[in-house]
Amino acid sequence: MRLPPAIVAKTEEVLREILRFTSPADVTLSRFFKDNPRFGGRERGVIAEAVYSVLRNKSFFTDFAGHGSTPSMRRLALLGLAETAGIDSIGGLTEDETHFLTRIKEVDRTLLPGPVQANLPQWLYDKLVAQFGQAEALELAAVLNTPAPLDLRVNSIKAERDAVIATLLEAPIIAEPMPYAPLGLRVKQKPALQNLPLFKEGAIEVQDEGSQVLSQIVGARRGEMVVDFCAGAGGKTLALGALMRNTGRLYAFDVSEKRLAKLKPRMARSGLSNVHPVLIAHERDAKVKRLAGKIDRVLVDAPCSGLGTLRRNPDVKWRQQLGAIAEMQEKQAAILDGAARLVKNGGRLVYATCSLLDEENDVIVEGFLATHPDFDLVPMSQVLAEQKIPLEMDKYLKLLPHKHQTDGFFAAVLQRKALVKAAPVKAEADADADVTATDDE
């Protein structure tokens, strides 16, 4: 089936807006489709895939899109459509455009300069080469420039993985168990999950395998008090609640009321009743202070550059700036310091990011340990063995797309040294009352 010329025109239109990088690409696309309701699911899919292809291949495409008689934005749109739908599927092409697209398809990209071959901004390419070496940096970049698979987490409160696989197969949707996440499934295609009874009933959630592994290494147990310090829309919160078997108390802290609002319908579907969303103003909010020294496990999935998620969010590499990394480091260190105050003696603190950069990962943890002698690093090899996760790591968890087929994730597990005699803490009900009380401070 050939794509009508209107698809090319609309792809060019939304691409022009997205390449201004004034807001995330998925937000701009969502708004565009809302303003153009006549497009069906197939047309929306074709336009979205073409846009994401341009974002993934921007350095390479831009080098060629400016040549010839056709306006460069149209040529970018054509390159995106040709990459994802095929040249023969595009209707209304001129002879010159067909020749242009055919010639670009034949280019040997391995002969191009490193940053163009990697489709990365120069500053990010340089950082990855310094950190991984050129050969591995190019291998990593190649995988970052491919679409991510669709990963699901089975909600163990409501279903078992084998039963979900069988039910999905009736749809028919092929899903296979993941190698690392014990409740994870990888779906071969990308179906409309929101219409499936399994999704509506909360038996499955969309969650990358790396994110599932991160939730697992927190080691949350039945009856414990746990805090997800930067909960966001709650993907990891829900995973933690299920691991706790819907017991104990799980606080979902976040500074964004909008993000916490997105957690509520997901929480309702999940069947969890042990999750308590709490809006905080900052890492030293009085609601945080009231739980100081009372929490068994704290997860800090810190705000970061997001460079480990480029398969899903390719616009991030163009929107992110080098200068923002230093600002991010200050925020990460402050949040980790604030969250550490919650941890009881013998309790664990997990610091994590979806960044690939050492500056946001190892450097932050090492700085924290240097200024917090009451915490020790728990080797990730030990933590993974405790959780029976078949991954080989040393001190830290470092998941990489080209090695583990997950998003890029970093995590470190820190344990507060146990005292001979711990100070008594309030009962859980009292602690909850402290957190939800009106803040007069």
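Just above sits the structure.
Details of the pairing of strand S5 (residues 225–228)
Each regular strand displays side chains that alternate between the two surfaces of the sheet. Taking every second residue as pointing to the same face, both faces of S5 are buried, with Met-225 and Val-227 on one and Val-226 and Asp-228 on the other. As paired elements, S5 and strand S6 (residues 249–254) share 4 bridges and run parallel to each other. When the sheet's bridge partners are listed, Asp-228 is paired in S6 with Ala-252. Crossover connection from S5 via helix H13 (residues 235–243) to parallel S6: handedness right-handed. Bridge analysis of S5 against strand S8 (residues 295–301) gives 3 bridges, and the strand direction is parallel. Within S8, the position partnered with Val-226 by the bridge is Arg-297.

A closer look at the pattern of salt bridges
Applying the stated criterion to the full structure yields 28 salt bridges. Glu-12 is the partner of Arg-16 in a salt bridge, and the nearest nitrogen-oxygen pair spans 3.0 Å. On the criterion of helical spacing, the pair formed by Arg-16 and Glu-12 is a turn pair, its members being 4 residues apart in helix H1 (residues 5–18). Notably, a salt bridge pairs Lys-403 with Glu-136, separated by 3.5 Å at the nearest N-O pair. Of this pair, Lys-403 sits in helix H20 (residues 401–404) while Glu-136 is found in helix H9 (residues 134–144), placing the two residues 267 residues apart along the sequence. A residue is classified by how much of its surface remains accessible, and Lys-403, at 47% relative accessible area, is partly exposed. Within the structure, one salt-bridge network assembled from shared partners comprises Asp-208, Arg-311, Arg-312 and Asp-407.

Things to note about the sheet that holds strand S1 (residues 150–154)
Backbone-to-backbone hydrogen bonds pair the strands of a sheet. The strands run either parallel or antiparallel. On the basis of which strands lie adjacent, the open sheet formed by 4 strands has the order S2-S3-S1-S4 and antiparallel pairing. In this open sheet, the two edge strands, each paired with only one partner strand, are strand S2 (175–177) and strand S4 (204–206). Each neighbouring strand pair of the sheet contributes to a mean axis angle of 35°, computed without reference to strand direction. With 4 bridges connecting them, S1 and strand S3 (residues 184–187) associate as antiparallel partners. Each bridged residue has a counterpart across the sheet, and for Leu-152 the counterpart in S3 is Leu-185. Packing of helix H10 (residues 161–169) onto the sheet brings it into contact with S1, S2, S3 and S4, and relative to S3 it is tilted by some 20°.

Calculation criteria
- Residues numbered from 1 in each chain as written.
- Predicted model: local features only at pLDDT ≥ 70, side-chain atom pairs only at ≥ 80, totals over all residues.
- Heavy atoms only, no water.
- Buried < 20%, exposed > 50% of the residue type's maximum accessible area, 1.4 Å probe, protein only.
- Helix = DSSP H or I, 4+ residues; strand = E, 2+ residues; numbered from the N terminus.
- Pairing = 2+ DSSP bridges.
- Right-handed = clockwise from strand over helix to strand, strands pointing away.
- Salt bridge = Lys/Arg side-chain N within 4 Å of Asp/Glu carboxyl O.
- Axes fitted to C-alpha atoms, helices over the stretch in contact; angles between N-to-C directions.
- Contact = heavy atoms within 4.5 Å.

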